[in-house]
Amino acid sequence: MTSHAVSPEASSDTPLTFSTFRSGFPALTTQTYLSICDKMILHRRVRASVEEFLDHLELASANRVQHEVHVASSRRKFADLMNVAPETIAAIRNVSDGINSIAWAFPWEPGDNVVLTSDCEHPNNVYPWLRQRQRGLEVRIVNPLPDGSIDIDGLISAMDARTRLMTVASATFAPGHRTDLRKLGEACRKRDVFLLVDGVQTAGIMHHDLSAEMVDGFATSVSKGLLGLYGYGFLYVSPKWIDRLKPAYLSRPAIVQRTDDHSTMGGFDYEYQPDSRRFEVGSFNLAGAYAVDASLDMLLELGTAHIEAHVLQLVGRFHDGLCSLGITPAVPGRGSKQSHIVTLGALNAGGHGFSTDPLIQPLSEHLVERRVAHTIRRGQLRFGLHAYNNEADIDAALDAVREGLGVIKGVAAI
């Protein structure tokens, strides 16, 4: 494999560039990492922040209030990343937590419907809605377009006077097309329909302005593009909707505090937090808060508009290179559907980690040998890029694909 050495990381006082950002990831010394759509790799600053938390635990040197400074700070920074107010953000566990929070908080009436496209979604944004059928909700499923992308016009056409919510992924789980949130947001806003977005694939990589996109709810974990740890995430809820949503689960963080004593019950009357904090339940994942508080500093300094431009330029280079090898990726290398995800092979020719496509499985095995990190999802070979990737990574991946194709053709000729 082509070596991509990681130089010693610049100090936190040095202006961050894509190169100095890259230098903080030890994983990049041992592999070509093109798999952010699967999971993050850890930056040294993020690890240092988690170690700070562990030091506090070991030495009993911080109390709950001091720890939760990082919860409040991470909420505020994520709000800045999404161009919304800090009070619209709740600290949650993951995408599933956020989606289920909205599903159970929504004031459904029998005969209401939700519109989604199951074949373009992770199952975790399908099952919560199927569960709501027991409360009288109709689930309207719109098939994807032939290229595997979300049928935006089909979703809009599926709405009627009883539609209360539409839910989509910001970039599809597979093949990875980007979704036109603004067009859906405009259509939903006209009908007073709640637009809920699973944003885990794009948060921290693609640029979002949730106000301009007219998104009403946005759920993400921090374990992919936000470069944090598992078990921590964010839920955005528009102020336009907050008073109409009553959380299914209730604990002290969701209630207006009349005292600083967290153990005091007070009276039996209670008042929901006036903002998205009403969706916070129990104790926070403090290690997760410390971690993403550090990673968000770097993402904000780089800026998601610059990150997106950097990543999409690399995706275009990768797409062109693959086409020159005779492979056309499933997601376009240019245009509105382009994302940070590049997928190869036939959709649904296999499943999670395996493919029946005669090209994909052996090609994947060769990429593993060459230490090019990737995944197979729904039978497709899948790559995902982030701000730490560079042209050398793309060239290394293309070299490995070229070699793999040669090996496959040689075996087939025997």
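Asker: Could you give me a rundown of the overall build of the protein chain, with the residues and numbers involved?
Answerer: Scanning the protein chain from terminus to terminus reveals 14 helices and 14 strands. Relative to its length of 414 residues, the protein chain is compact, with a C-alpha radius of gyration of 22 Å against a globular reference of 22 Å. Projected onto its principal axes, the C-alpha coordinates of the protein chain cover approximately 80 × 55 × 30 Å. Burial statistics for the protein chain: of 414 residues in total, 57% are counted as buried. The contacts of the protein chain with a sequence gap of at least 6 include a subset with a gap of at least 24, amounting to 72%. On the protein chain, roughly 17,200 Å² of surface is accessible, and the fraction owed to carbon and sulfur atoms is 53%. In the protein chain, 40 positive and 47 negative side-chain charges are present, and the distance between their average locations comes to 4 Å.

Asker: Quick one: what's the story with the environment of G204, residue by residue and with numbers?
Answerer: Among the secondary structure elements, G204 is positioned in the loop between β6 (194-198) and α9 (210-213). Excluding its chain neighbours within four sequence positions, the residues that come into contact with G204 are L81, G225, L226, L299, T304, I307 and H386.

Asker: Outline the sheet that holds strand β14 (residues 380-384), supporting the account with residue identities and numerical values.
Answerer: Read from one edge of the open sheet, three strands run β9-β14-β13, paired in antiparallel fashion. Unpaired on one side and paired on the other, β9 (341-344) and β13 (375-377) mark the two borders of the sheet. Averaged over all neighbouring strand pairs, the angle between strand axes comes to 35°, with direction disregarded. The pairing of β9 with β14 spans four bridges and is classified as antiparallel.

About the criteria used
- Residues numbered from 1 in each chain as written.
- Predicted model: local features only at pLDDT ≥ 70, side-chain atom pairs only at ≥ 80, totals over all residues.
- Heavy atoms only, no water.
- Helix = DSSP H or I, 4+ residues; strand = E, 2+ residues; numbered from the N terminus.
- Rg over C-alpha atoms; globule rule 2.2 N^0.38 Å.
- Buried < 20%, exposed > 50% of the residue type's maximum accessible area, 1.4 Å probe, protein only.
- Contact = heavy atoms within 4.5 Å.
- Areas by Shrake-Rupley, 256 points an atom, 1.4 Å probe, with all protein chains shown as cover.
- Lys, Arg positive; Asp, Glu negative; His and termini not counted.
- Charge placed at Lys NZ, Arg CZ, Asp CG, Glu CD.
- Pairing = 2+ DSSP bridges.
- Axes fitted to C-alpha atoms, helices over the stretch in contact; angles between N-to-C directions.

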